[in-house]
Amino acid sequence: MTAILQDVCTEAYADEELRPLLLDAPTVMGVESIEVDTLNIRIVARTLPGKQFEVGRQMRARIADAL
């Protein structure tokens, strides 16, 4: 799963629409928590000021499509 997420991060940084909003490539940090029905994995993406919500929405959509 980490490889899939890393691919999503690489593709997002290469995207012409999303790249101008990012300061550097998003990074998969690893598993944050595991519960009975939930697995949280932290991904860090440094963005331009005020663009974190737009980037977050696009990253979540890309991750949902990939998984």
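The structure we're discussing is the one just above.
Since we're looking at a predicted model, the values are computed, not measured.

*Asks:* How would you sum up helix α2 (residues 52-66)? Please name residues and give values.
*Replies:* End to end, α2 covers 21 Å across 15 residues, agreeing with the expected 21 Å (1.5 Å per residue, within 8%). Within α2 the residues assigned to the buried category are Val-55, Gly-56, Gln-58, Met-59 and Ile-63. Packing partners of the buried residues in α2 comprise α1 (2-14) and β2 (39-44).

*Asks:* Describe the pairing of β2, listing the residues and the values that go with them.
*Replies:* Sheet topology note: the strand β1 (residues 27-34)/β2 ladder contains six bridges and is antiparallel. Each bridged residue has a counterpart across the sheet, and for Val-28 the counterpart in β2 is Ile-43. Hairpin connection from β1 to β2: four residues lie between these consecutive antiparallel strands.

Calculation rules
Residues numbered from 1 in each chain as written. Predicted model: local features only at pLDDT ≥ 70, side-chain atom pairs only at ≥ 80, totals over all residues. Heavy atoms only, no water. Helix = DSSP H or I, 4+ residues; strand = E, 2+ residues; numbered from the N terminus. Expected span 1.5 Å × (residues − 1). Buried < 20%, exposed > 50% of the residue type's maximum accessible area, 1.4 Å probe, protein only. Contact = heavy atoms within 4.5 Å. Pairing = 2+ DSSP bridges.

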